[in-house]
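# Observations on the three-dimensional arrangement
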Amino acid sequence: MELTNLTRDELTTSTKSFAITKRQVYDAWKRVKANRGGAGIDEENIAAFEKNLSRNLYAIWNRMASGSYFPPPVKEVGIPKKSGGIRILRVPTVGDRVAQTVVKESLVKLLEPHFDPDSYGYRPGRSAKDAVRVTRQRCWKYDWVIEFDIKGAFDNLDHVLLMTALRKHTDCKWMLLYVERWLKAPSVSESGEINARDRGTPQGGVVSAVLMNLFMNYAFDRWMRRDVTSCPFARYADDGVVHCSSERQALLVKKLLVERFAACGLELHPDKTRIVYCKDSSRIGEYPQVQFTFLGFTFRPRRAMSRTGKLFTSFLPGASRQTLKGMRQQIRSWHIPHQTPGTLHEFSQAYEPTLVGWWNYYSSFYPTALRSVYRSFDQAIALWARRKYKRLRRHSCRSHHWVARVAKREPYLFAHWQRWSPNDRTMGAV
């Protein structure tokens, strides 16, 4: 189904039950291909799907436009959580991701104008950094924060409530039909067990993020705007923070949140939903909790310098300890010191995209928190150099100086070499 071969008549669906065009399916395929991702239960990956692209896309369009498309089960894949334990992702097939993308793009256009400005997750023109930035500003203004965590939010969305919310915005038969079918599609565990589903939307499904935003728009966002008007908030999918002016207000709002989510069929995690005091130089008094983590950043009292050069304590976000630990573990997993046949230019091609990605996100706030990570990388390079070059083998200090000289000569190889010297003894400080 090459788009260049389609006539104007072929792009329409006048003979089909639903007005879904071949162009919508083709554009959805391009997005799925760009996002990559693994195979579903049919074990067909992107490359295999593309070998019979015309036939595969035509079959998806024909079934969707006629109302006969039924999604296959999703594959359960367990991935380790940073906090410990296993998170179950449910991966659709490549073809089903194309079908979901067709519906998702229509849902986004339909629902975006109705979503709250302080909802930041999986929305065009908004990002996690925007949520962190506005949260930082509000922590300077409000003394107290409620950090809330919903237990298994994606797995526990009430289907009846979700479909009721969707019907408030559309009576489009094919959107309602396919969303409902995706909600009910079973999953297959790694052991081959088929699990039926009467709640939730698969975390890993293309359409799941917009459905989560829709559910939370009514369960939380609009409720906050209506019933808790004095407390600003920021939400990223099912993660969020609420700002309060006093401890008393925070205790009351936390109680209301527990009741509200329970009424919507969701449960706040009792150990991860906490009241935090935004401690800084101007705020007196003590409280057991003076830090929280949101979107990979830990907000806590940190040293800062005023415009006049005076040191003081501010309540600021920086890359969380757990995030930094994960980065260092990933660097160790590269086994750079054992790749003695390799070159720095090869390492740059292989690892620089990851190093740049870390920098682009986590350096946005309190970038010095990243120094320990990049120092770990430079130590791996120094150990690699000792094993590769005979003149450095018995001289640890000399190998570190060698890395510093190379960084000065070729700073373009790695992003952090343009900002910090590998020989800087302060690189491990936070």
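The notes below deal with the structure included here. (Residues numbered from 1 in each chain as written. Predicted model: local features only at pLDDT ≥ 70, side-chain atom pairs only at ≥ 80, totals over all residues. Heavy atoms only, no water.)

### Section: the packing of helix H8 (residues 208–227) against helix H9 (residues 247–263)
A pair of packed helices is captured by two measures, namely the crossing angle of their axes and the spacing between those axes. Contact geometry for H8 and H9: axes closest at 10 Å, N-to-C directions at 150 degrees. Relative to H9, the crossing made by H8 is right-handed. Here Met 216, Tyr 218, Ala 219, Phe 220, Trp 223 and Met 224 of H8 come into contact with H9, specifically with Leu 256, Leu 257, Arg 260 and Phe 261. Looking at the contact of H8 with H9 residue by residue, the class counts come to 9 nonpolar, no polar and 1 charged. (Axes fitted to C-alpha atoms, helices over the stretch in contact; angles between N-to-C directions. Helix = DSSP H or I, 4+ residues; strand = E, 2+ residues; numbered from the N terminus. Left-handed = near helix turned anticlockwise from the far one by under 90°. Contact = heavy atoms within 4.5 Å. Nonpolar A, V, L, I, M, F, W, Y, C, P; charged D, E, K, R; others polar.)

### Quick word on the environment of Asp 27
Note on placement: Asp 27 falls in helix H1 (residues 22–35). Sequence separation of Asp 27 and Thr 101 is 74 residues, and the distance between their C-alpha atoms is 8.9 Å.

### Here's the deal with the sheet that holds strand E4 (residues 187–188)
Pairing in this open sheet of 4 strands is mixed, and the strands run E2-E1-E4-E5 from one edge to the other. Only two strands of the sheet have a single neighbouring strand rather than two, namely strand E2 (86–91) and strand E5 (194–195). Pairing analysis gives 2 bridges linking E4 to E5, with the strands arranged antiparallel. Note on E5: the bridge partner recorded for Val 188 is Ile 194. (Pairing = 2+ DSSP bridges.)

### Comments concerning the pairing of strand E3 (residues 144–149)
For a regular strand, side-chain orientation follows a simple rule: the groups alternate between the two sheet faces. Most of E3 sits inside the fold, with 5 of its 6 residues counted as buried. The pairing of E3 with strand E8 (residues 274–277) spans 4 bridges and is antiparallel. Bridging from a neighbouring strand, Glu 147 pairs with Arg 274 of E8. (Buried < 20%, exposed > 50% of the residue type's maximum accessible area, 1.4 Å probe, protein only.)

### Some points on the pattern of salt bridges
Counted by the stated rule, this structure contains 22 salt bridges. Across the pair Glu 267 and Lys 151 runs a salt bridge whose closest N-O atoms are separated by 3.9 Å. Here Glu 267, found in the loop between H9 and E8, pairs with Lys 151, found in the loop between E3 and helix H6 (159–167); they are 116 residues apart in sequence, far enough to count as distant. On the basis of relative accessibility, which here comes to 35%, the residue Lys 151 falls in the partly exposed class. The network of salt bridges with shared partners includes Asp 116, Asp 118, Arg 138 and Arg 225. (Salt bridge = Lys/Arg side-chain N within 4 Å of Asp/Glu carboxyl O.)

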